[in-house]
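# Chain and residue survey
Spelled out from the first residue to the last, the chains are:
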Amino acid sequence: MNSNQLQHQVLYMRRSLFDQGYLDSEQLIQLEDLQDDANPNFVEEVVSLFYSDSARLIQNIEQTLSNRPVDFSRLDDILHQFKGSCSSIGAKKVKDACSQFREYCNAGNAEGCSSSFQLIKQEYETLRRRLESYFQMVKQAKAA
Amino acid sequence: MMIGAEGASSSKKARISENPVSKNRPYFALVVDDDPMIRRIHSMILKSVGFKVEVAENGKEAVDLFRTGAKFHIVFIDMEMPVMDGIEATKAMRAMKVESKIVGVTSRNSETEREVFMQAGLDLCYTKPLTMAKIVPLLEELQKN
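Residues numbered from 1 in each chain as written. Chains lettered and ligands numbered in written order. Predicted model: local features only at pLDDT ≥ 70, side-chain atom pairs only at ≥ 80, totals over all residues. Heavy atoms only, no water.

Before going further, it helps to spend a moment on the confidence of the model for chain B. All names here are of chain B. Confidence in the prediction for chain B averages 84 pLDDT; 83% of positions are at 70 or higher. Put simply, helix H1 (residues 8-18) is where chain B has its lowest mean pLDDT, 40, and helix H4 (residues 86-95) is where it has its highest, 98. Across residues 1-22 the pLDDT falls below 50, and counting only partners more than four positions away or on other chains, this stretch makes 44 contacts in the model. With pTM at 0.84, the complex prediction returns an ipTM value of 0.85. (pLDDT = per-residue confidence, 0-100. Helix = DSSP H or I, 4+ residues; strand = E, 2+ residues; numbered from the N terminus. Contact = heavy atoms within 4.5 Å.)

Here we take up the environment of Leu142(B). Residue and element names in this part refer to chain B. Looking at the secondary structure, you find Leu142 in helix H6 (residues 132-144). With relative accessibility at 13%, the residue Leu142 sits in the buried group. It is 23 Å that separates the C-alpha atoms of Leu142 and Arg40, two residues lying 102 residues apart in sequence. Aside from chain neighbours lying at most four places away, what touches Leu142 is Tyr27, Phe51, His73 and Ile74. (Buried < 20%, exposed > 50% of the residue type's maximum accessible area, 1.4 Å probe, protein only.)

Here we come to the UniProt feature "modified residue: 4-aspartylphosphate" (unreviewed entry) in chain B. Residues and elements named next belong to chain B. Within this structure's numbering, the places UniProt gives as "modified residue: 4-aspartylphosphate" (unreviewed entry) are Asp78. Relative to the elements of secondary structure, Asp78 occurs in strand S3 (residues 74-78). Each residue touching Asp78, except ones within four places of it in the same chain, is listed here: Val32, Asp33, Asp34, Gly86, Val105, Thr106, Phe117 and Lys128. (UniProt positions renumbered as here; feature names shortened; annotations may be inferred.)

This part covers the packing of aromatic side chains. Under the defined criterion, the tally for this structure stands at seven aromatic pairs over all chains. Both rings, one in Phe101(A) and one in Phe117(A), keep their centres 6.5 Å apart while their planes meet at 90°; by these two values the pair is edge-to-face. A residue pair is termed long-range when its members are at least 10 positions apart, and Phe101(A) in helix H5 (residues 92-106) and Phe117(A) in helix H6 (residues 110-143) qualify at 16 residues. Phe101(A) sits in the buried class, given a relative accessible area of 0%. Looking at Phe117(A), the relative accessible area reads 3%, which means it is buried. Seen in terms of ring centroids, Phe66(B) and Phe72(B) are 5.6 Å apart; in terms of plane orientation they differ by 75°. Their pairing is edge-to-face. When its relative accessible area of 10% is taken as the criterion, Phe66(B) is described as buried. Looking at Phe72(B), the relative accessible area reads 8%, which means it is buried. One aromatic cluster is present, formed by Phe50(A), Tyr51(A) and Tyr124(A) through successive ring pairs. Lying across the ring of Tyr51(A), Arg128(A) places its NZ or CZ 4.1 Å from the centre. (Phe/Tyr/Trp six-rings, centres within 6.5 Å; stacked < 30°, edge-to-face > 60°. Lys NZ or Arg CZ within 6 Å of the ring centre and 35° of its normal.)

Helical geometry: 3.6 residues make up each α-helical turn, so side chains three or four residues apart lie on a common side. Residue and element names in this part refer to chain B. Of the residues making up helix H3 (residues 59-67), those classed as buried are Gly59, Ala62, Val63, Leu65 and Phe66. Looking straight down H3, one finds its buried side chains confined to an arc of 155°; they lie on one side. Backbone nitrogen of Lys60 and a side-chain oxygen of the N-cap are separated by 3.0 Å at the start of H3; the cap is Asn58. The positive-phi residue at the C-terminal boundary of H3 is Gly69, with phi of around 100°. (Arc of directions from axis to C-beta. Polar contact = N/O pair within 3.5 Å; in protein donor to acceptor, adjacent residues only side chain to side chain.)

Time to look at the UniProt feature "domain: Response regulatory" (unreviewed entry) in chain B. Within the UniProt annotation, "domain: Response regulatory" (unreviewed entry) is assigned to residues 28-143 of chain B. Helix makes up 46% of residues 28-143 of chain B and strand 22%, with an end-to-end C-alpha separation of 12 Å.

Turning our eyes to something else, we now look at the pairing of strand S1 (residues 28-32) of chain B. Residue and element names in this part refer to chain B. The buried fraction of S1 is high, at four of five residues. Here S1 runs beside strand S2 (residues 52-56); their pairing, made up of five bridges, is parallel. Residue Leu30 lies in a different strand from S2, and its bridge partner there is Glu54. Following the backbone out of S1, through helix H2 (residues 36-48) and into the adjacent parallel S2, one traces a crossover that is right-handed. Direction of pairing for S1 relative to S3: parallel, over a ladder of four bridges. Note on S3: the bridge partner recorded for Val31 is Phe76. (Pairing = 2+ DSSP bridges. Right-handed = clockwise from strand over helix to strand, strands pointing away.)

Structure below.
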């Protein structure tokens with residue numbers, strides 16, 4: 001692909017992330033707005049920190065869900081943190097999945113928590129794949 | 001065409017040129033949060049409008065900074081942190097007669113929890129994440145005073 005095609009591909013991928021509800025455009029634009037010559041990789045750094053946060057929180061959820069009896073209060077705390085983390089980069093679908101999980105938590109429904117946890121992991125993996133592809137394309141377009 | 005930043009460049013230039021802080025003496029801010037991502041984002045937002053920023057990972061680190069004589073015009077402090085949370089840290093700072101504006105930043109929606117945080121000695125409490133829209137009025141207030 002030539003430079004123009006790459007740029008169009010970047011814009012298309014970006015628009016899809018917003019239109020398909022994966023990312024909140026306002027939050028991503030705010031992060032991009034902060035990126036400058038002194039911090040040229042700021043957005044990617046923040047997204048990497050989101051990946052680290054998420055990996056840790058997913059592990060904590062897994063561990064807590066496997067304990068008997070299920071500590072719903074602890075789960076709620078972890079999900080609350082995860083929601084906060086999602087808000088920082090505008091990860092809408094993951095955040096919505098976390099909200100659904102919290103409802104099951106409040107109802108003391110362990111099965112509901114397990115199934116919504118699967119959804120959280122699914123949405124997170126999809127978002128991560130798409131963001132990695134997007135940033136890869138951004139790099140290619142800049143280099144072209 | 002700026003890749004990955006449609007519409008951002010002109011607003012960025014307008015914001016920095018209107019920045020009230022950069023026209024005057026520097027203002028110092030402390031960001032207190034156990035989440036490295038939040039520390040990074042909030043620091044960048046504050047630096048972008050001209051603040052000099054320090055960070056602390058928990059309430060104890062924040063209190064220790066003040067104990068060693070550090071001074072800040074404004075503190076942004078998370079409610080839930082290990083070692084010492086935002087509520088205890090805010091109480092400790094006010095007990096030390098810290099006069100900085102202290103702004104709580106929390107993702108908790110419960111009015112009761114926010115009220116407890118406010119009662120600890122906050123000037124304000126915001127929901128995470130911080131945004132330019134939340135910070136600019138604070139800057140203008142500092143500027144007036």
